[in-house]
Amino acid sequence: TIVGINAKADDEKAINKIKHNAFFPGEKLIFRLSYGALDAGEAVLTVEESDKTVQGRNLWHVKGVGRTISAFEWFYKVNDVYESYIDAEAVIPWIFIRRVDEGWYKINQDYVFHHLDNKVDNGKGKKFTIPDLCQDMISAFYFARTLDFSRAKVGDIYEVPIFLDDELYPTKIKYLGKEEIKIRKGKYRCHKFAPIVQEG
């Protein structure tokens with residue numbers, strides 16, 4: 001159940017809870033990218049408790065590390081780190097850290113979200129207006145997992161607003177139904193989605 005951000009009687013905003021059992025601290029997900037028979041890359045996503053708090057709210061530290069492995073590092077080396085400190089109850093980001101290192105291509109971003117004011121600070125002297133429940137690149141993955149797809153119909157569209165590169169992206173995904181997939185570890189029953197990509 002998504003409760004979201006509501007207005008109190010005195011017009012002060014209240015950040016409420018999202019009730020879910022989609023993930024908890026201690027979770028570790030490992031994804032492998034294969035090119036033919038070779039493993040070319042790996043992404044590791046972890047959820048940990050944090051001693052950080054924002055306005056008295058407990059935060060969880062979610063971290064994603066992507067890197068090339070094996071012989072592929074000789075051709076194109078990738079070492080990317082994405083970190084988000086998300087509200088343990090509302091599943092919204094308060095701090096986002098992005099470190100991209102892909103050869104000559106490097107990005108360093110540090111965002112601070114001010115959800116009660118619907119603003120995000122890019123750490124370079126600029127603030128941007130954001131909607132309620134706005135996500136960063138990595139928190140969006142976890143937020144999407146809290147959505148209830150039990151009554152989803154093929155063709156249903158879900159929107160998750162994401163702030164990235166000083167821009168707001170009203171990211172949308174379309175529900176394509178259920179499908180069983182087979183990977184090295186076995187067979188899994190899955191929900192299937194497709195991103196709706198903006199032109200340009």
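Residues numbered from 1 in each chain as written. Predicted model: local features only at pLDDT ≥ 70, side-chain atom pairs only at ≥ 80, totals over all residues. Heavy atoms only, no water.

So, the pattern of salt bridges
Reasoning step 1: Scanning all chains against the criterion turns up twelve salt bridges.
Reasoning step 2: Two residues, Lys17 and Glu89, come together in a salt bridge whose shortest N-O distance is 3.8 Å. One end of the pair, Lys17, is in the loop between strand 2 (13-15) and strand 3 (28-35); the other, Glu89, is in the loop between strand 6 (79-87) and strand 7 (93-102), and 72 residues separate them in sequence.
Reasoning step 3: Owing to a relative accessible area of 46%, Lys17 belongs among the partly exposed residues under this scheme.
Reasoning step 4: What makes Glu89 partly exposed here is its relative accessible area of 37%.
Reasoning step 5: The closest approach of N and O atoms between Glu42 and Arg32, which form a salt bridge, is 2.9 Å. Residue Glu42 is found in strand 4 (residues 38-54), and its partner Arg32 is found in strand 3; the two are separated by ten residues along the sequence.
Reasoning step 6: Assessed through its relative accessible area of 13%, Glu42 is described here as buried.
Reasoning step 7: Classification of Arg32 by relative accessible area gives partly exposed; the value is 46%.
Reasoning step 8: Several salt bridges share partner residues, and in doing so they unite Arg32, Asp39, Glu42, Arg67 and Arg184 into one network. (Salt bridge = Lys/Arg side-chain N within 4 Å of Asp/Glu carboxyl O. Helix = DSSP H or I, 4+ residues; strand = E, 2+ residues; numbered from the N terminus. Buried < 20%, exposed > 50% of the residue type's maximum accessible area, 1.4 Å probe, protein only.)

Considering the sheet that holds strand 8 (residues 105-114)
Reasoning step 1: Taken in spatial order, the eight strands of this open sheet run 3-4-5-6-7-8-9-10, and their pairing is antiparallel. Here the strands that pair on one side only, and so sit at the sheet edges, are strand 3 and strand 10 (127-129). Across the sheet, the axes of successive neighbouring strands diverge by a mean angle of 20°, strand direction being ignored.
Reasoning step 2: In this structure, strand 9 (residues 119-121) lies alongside strand 10, joined through three bridges in antiparallel fashion. Of the residues in strand 10, the one forming a bridge with Val120 is Phe128. (Pairing = 2+ DSSP bridges. Axes fitted to C-alpha atoms, helices over the stretch in contact; angles between N-to-C directions.)

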